[in-house]
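Architecture and fold: a report
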Amino acid sequence: LVRKAPPKRDTAGAKAAIEISRWIEPWGEARFPVDVDFLAKGCHTMYRRDDPITQVHGAPWKGIDGFLRRNPDNAKEWWITYSTQVLPERQRFTKAHELGHYILHSREKEEFRCGPEVIIEKDTGEPDIEAQANQFASYLLMPATHLRPRIEKAKITFNLIGELAEKTYGVSLEAMCIRFVEITGERALLIHWNNGMLLRWSRSEPAKLQR
C-alpha cells in the first residue's frame, strides 16, 4: 500500500495575523483583548496601501455577521460593518475576520458579505478565502505564543478556558475551545452537540491515530 501524504496546510491567514500582531506586541499584556478597530484603521500604513479602512461600525443586521466593502462615495476607502445582534465577543471575531479579508483578499474582490455559516470561529486550514479569514481572526485574537504557556502550566478545566475566553482574549467559549484543541500538546477531542445534532468536532494532533 502507498500511503498518501496529507494535504498541504494553507497558512496564509496565520502568516498575515502573525505579521500584523508584531505591531502591537510591544504593548505586552495590555494588547489583549485585541483592539481590532485600531488595527483595522491603521494597518494600511504597515502595508503601504492608499486604500485605508476608515470606518468600523455596527448595524442591527440579522443573517449577516459582517460586511467589508468600499465606501460608496470614495472608492479609495473601505468600511467594515458588523452585526450588533450578536454578543460582543462574536462581534470581535467578525471584525477580525473582515480585517483578514482586507489584508488577504481585497485586491481580488470589491466586497465581502459574510453570514454566520462562513464566520465559524474555526481555523480549517483549507485553501478557501473564508477559511483563510477565519484562520487570520483566530491567530490574531488568540496567538499561540501567548496562549500556549497559559495552557501548558495549568490544569485544564472549563473554568480556565472560560476565563481565558472572557477576561483575556474577549472571544466566545466555543472559539476558545477550538483554539485550545488546535494548540494543546495533550490528547483532546472537542465535540459540539446541540439538540441531538452533531454540529462540529475536532481533535488535537496528539489525539490523531497513528497508522
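Please refer to the structure higher up on the page.
Parameters at a glance
Residues numbered from 1 in each chain as written. Predicted model: local features only at pLDDT ≥ 70, side-chain atom pairs only at ≥ 80, totals over all residues. Heavy atoms only, no water. Helix = DSSP H or I, 4+ residues; strand = E, 2+ residues; numbered from the N terminus. Buried < 20%, exposed > 50% of the residue type's maximum accessible area, 1.4 Å probe, protein only. Contact = heavy atoms within 4.5 Å. Areas by Shrake-Rupley, 256 points an atom, 1.4 Å probe, with all protein chains shown as cover. Polar contact = N/O pair within 3.5 Å; in protein donor to acceptor, adjacent residues only side chain to side chain. Core = buried A, V, L, I, M, F, W, Y, C linked by side-chain atoms within 4.5 Å. Expected span 1.5 Å × (residues − 1). Pairing = 2+ DSSP bridges. Arc of directions from axis to C-beta. Axes fitted to C-alpha atoms, helices over the stretch in contact; angles between N-to-C directions. Parallel < 35°, antiparallel > 145°, perpendicular 65-115°, else oblique. Left-handed = near helix turned anticlockwise from the far one by under 90°.

1. Some points on the overall build of the protein chain
- When helices and strands are tallied, the protein chain shows 7 helices and 6 strands.
- Listed by position from the N terminus, the elements making up the protein chain come as α-α-β-β-β-α-β-α-α-α-α-β-β.
- Across the 211 residues that make up the protein chain, the buried fraction comes to 46%.
- The long-range fraction of contacts in the protein chain, counting pairs at least 24 apart against all pairs at least 6 apart in sequence, stands at 59%.
- Of the roughly 12200 Å² of accessible surface on the protein chain, 52% is carried by carbon and sulfur atoms.

2. So, the side chain of Gln 91
- With respect to the helices, strands and loops of the structure, Gln 91 is situated in helix α3 (residues 88-105).
- Here the side chain of Gln 91 touches Val 86 through a polar contact of 2.8 Å, landing on its backbone oxygen.
- Residues in contact with Gln 91, not counting those within four places in the same chain, are Tyr 82, Ser 83, Thr 84 and Val 86.

3. A word on the nonpolar core
- Within the largest apolar cluster, 47 residues are counted, with the highest numbers of intra-cluster contacts made by Leu 99, Leu 140 and Met 176.
- The residues touching Met 176, leaving out its near neighbours within four places in the chain, are Met 142, Leu 147, Ile 161, Leu 164, Ala 165, Tyr 169 and Val 171.

4. Topic: α3
- Relative to the 26 Å expected for 18 residues at 1.5 Å per residue, α3 spans 25 Å between its end C-alpha atoms, a close match to the ideal helical length.
- Here α3 lies mainly inside the structure; 14 of its 18 residues are buried.

5. Structural notes on the pairing of strand β3 (residues 74-83)
- Relative to β3, strand β1 (residues 53-59) runs parallel, the two sharing 6 bridges. Counterpart to Gly 58 in the pairing with β3 is Tyr 82.
- Where strand β2 (residues 66-71) and β3 come together, 6 bridges link them in antiparallel fashion. Counterpart to Arg 70 in the pairing with β3 is Trp 78.
- The antiparallel pairing of β2 with β3 creates a hairpin that spans 2 residues between the two strands.

6. Here's the deal with helix α6 (residues 158-169)
- Along α6, the residues classified as buried are Leu 160, Ile 161, Leu 164, Ala 165, Thr 168 and Tyr 169. Around the axis of α6, the buried residues are gathered within 135° of arc, so they sit on the same side. Set apart from the buried face of α6 by more than 90 degrees, the exposed residues are Phe 158, Asn 159, Glu 166 and Lys 167.
- Positioned one or two residues after α6, Gly 170 has a phi angle of 65°, which is positive.

7. Some words on the packing of α6 against helix α7 (residues 173-183)
- The geometry of α6 relative to α7 is characterised by a closest axis approach of 9 Å and an angle of 115° between their N-to-C directions. Looking at the two axes, α6 sits roughly perpendicular to α7. Helix-helix and strand crossings are classified by hand; for α6 and α7 the assignment is right-handed. Together, Phe 158, Ile 161, Gly 162, Leu 164, Ala 165 and Tyr 169 of α6 and Leu 173, Met 176, Cys 177 and Phe 180 of α7 make up the contact between the two elements.

8. Looking at the sheet that holds β1
- One open sheet holds the 4 strands; their spatial order is β1-β3-β2-β4, and the pairing between them is mixed. The open sheet has two edge strands, β1 and β4 (111-114), and neither has a second partner. Averaged over neighbouring strand pairs, the angle between their axes works out to 20° when direction is ignored.
- Judged from the 4 bridges that link them, β2 and β4 form a sheet pairing that is antiparallel. Paired with Leu 68 across the bridge in β4 is Phe 112.
- In this fold α3 packs onto β1, β2, β3 and β4, with an angle of close to 155° to the strand it touches most, β3.

None of the figures reported here should be taken as evidence of function without further support.
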